[in-house]
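# Chains, contacts and geometry: an overview
Given next are the chains, with one letter for each unit.
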Amino acid sequence: MNILTKGLIASLVLVGGVALAKEGVQDPTVKARMDLMSTIGMNTRVLGDMAGGKTEFDAAAAEAAKAALIAASNDVAAKFEVQATDPVAEAKPEIWTNWDDFVAKAAALTAAASAVDTSSAATIQAGMGAIGGSCRDCHSAYRM
Ligand code: HEC
């Protein structure tokens, strides 16, 4: 098996995992916020793959991914506002007891995405640290 095939299988397993998690979701509010996070994940991957040279640099696709990240991060507060639960949900209840901090962490992603310069793979790479940092900051505090 060559490296390309292995990489493809690894990404299929990743995508499959996400799809399985969502299949089990019953609560529509939880599903909507998971879908929003999946959108954030997919667009982050588009930028990360270009930054890392895994996919060819494409200015229009990079700009679209950046715009999608900004829009999705601006939608986090609305999608999480109602404290819905589901057996497969990974959102910690602390979100709703530290709401202002949670919203500030979403705004940090908006700021990081807005700051990304999509003019080349190298400039995207320079902005990926701040984007990844904003995911980690929020997930480590508010995701199980
Ligand atoms: C403001 C907080 C916050 C930020 C910022 C954030 N996330 Fe999340 N993310 C969450 C929470 C909370 C969950 C768990 C949601 C649930 O299961 O109800 C989650 C879940 C996810 C999931 C799983 C979705 C699913 O289908 O179960 C992915 C993928 C994800 N985030 C990717 C990202 C990426 C990539 C970034 C950064 C670019 C990011 N997130 C930034 C809070 C955040």
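Our structure is the block above this text.
Computed from a predicted model, the values in this text were never measured in an experiment.

## What about the packing of helix α2 (residues 28–51) against helix α7 (residues 121–142)?
Put simply, α2 and α7 touch, their axes get as near as 9 Å, and they point 145° apart. In this structure, the crossing between α2 and α7 has a hand that is left-handed. Contacts between α2 and α7 involve M37, T44, L47, G48, M50 and A51 on the former and, on the latter, A121, I124, Q125, M128, I131 and H139.

## Focus: the coordination of the iron atom of the ligand
Protein coordination of the iron atom of the ligand is provided by M37 (SD) and H139 (NE2), with donor distances spanning 2.0 to 2.3 Å. Angles of 87 to 179° at the metal separate the six donor atoms of the iron atom of the ligand, which places the site in the octahedral class. Here the residue M37 occupies a position in helix α2, and H139 occupies one in helix α7, the gap between them amounting to 102 residues.

## Comments concerning the site of the ligand
In the vicinity of the ligand lie 25 residues, with R33, M37, C135, C138 and H139 positioned nearest. With respect to the ligand, the side chain of R33 contributes an N or O atom lying 2.6 Å from an oxygen atom. Between the ligand and E90, the relevant distance is 2.6 Å, taken from an oxygen atom to a main-chain nitrogen or oxygen of the residue. Of all the elements in the fold, those that place two or more residues in the shell around the ligand are α1 (3–23), α2, α6 (99–115) and α7. It is α2 that contributes the most residues to the shell around the ligand, seven residues altogether.

## Observations concerning the pattern of salt bridges
Applying the stated rule across the entire model yields four salt bridges. Of the charged contacts in the structure, one is a salt bridge between R143 and E90, with a shortest N-O distance of 3.0 Å. Separated by 53 residues along the polypeptide, R143 in the segment after α7 and E90 in the loop between α4 (76–80) and α5 (94–97) bring together distant segments of the chain. Judged by its relative accessible area of 40%, R143 falls in the partly exposed class. For K105, the salt bridge is made with D101, and the minimal N-O distance between the two is 3.1 Å. Placement of the pair is K105 and D101 together in helix α6, with a separation of four residues, close to one helical turn. For D101, a relative accessible area of 32% translates into the label partly exposed.

## Remarks on the side chain of N43
Along the chain, N43 falls in helix α2. In terms of polar contacts, N43 uses its side chain to reach the backbone carbonyl oxygen of T39, at 2.8 Å. What N43 contacts, discounting residues up to four positions off in sequence, is A65, A68 and L69.

## Re the environment of T85
Inspection of the secondary structure assignment puts T85 in the loop between α4 and α5. For T85, a relative accessible area of 62% corresponds to the exposed category. Counting along the chain gives 57 residues from T85 to P28, while the straight-line C-alpha distance between them is 9.7 Å. With residues near it in sequence (within four places) discarded, T85 still touches D27 and V30.

Calculation criteria
- Residues numbered from 1 in each chain as written.
- Predicted model: local features only at pLDDT ≥ 70, side-chain atom pairs only at ≥ 80, totals over all residues.
- Heavy atoms only, no water.
- Axes fitted to C-alpha atoms, helices over the stretch in contact; angles between N-to-C directions.
- Helix = DSSP H or I, 4+ residues; strand = E, 2+ residues; numbered from the N terminus.
- Left-handed = near helix turned anticlockwise from the far one by under 90°.
- Contact = heavy atoms within 4.5 Å.
- Donors = N, O, S within 2.8 Å, 3.2 Å for Na, K, Ca; no water.
- Tetrahedral: all angles 85-135°; square planar, octahedral: opposite > 155°, others 65-115°.
- Near = heavy atom within 4 Å.
- Polar contact = N/O pair within 3.5 Å; in protein donor to acceptor, adjacent residues only side chain to side chain.
- Salt bridge = Lys/Arg side-chain N within 4 Å of Asp/Glu carboxyl O.
- Buried < 20%, exposed > 50% of the residue type's maximum accessible area, 1.4 Å probe, protein only.

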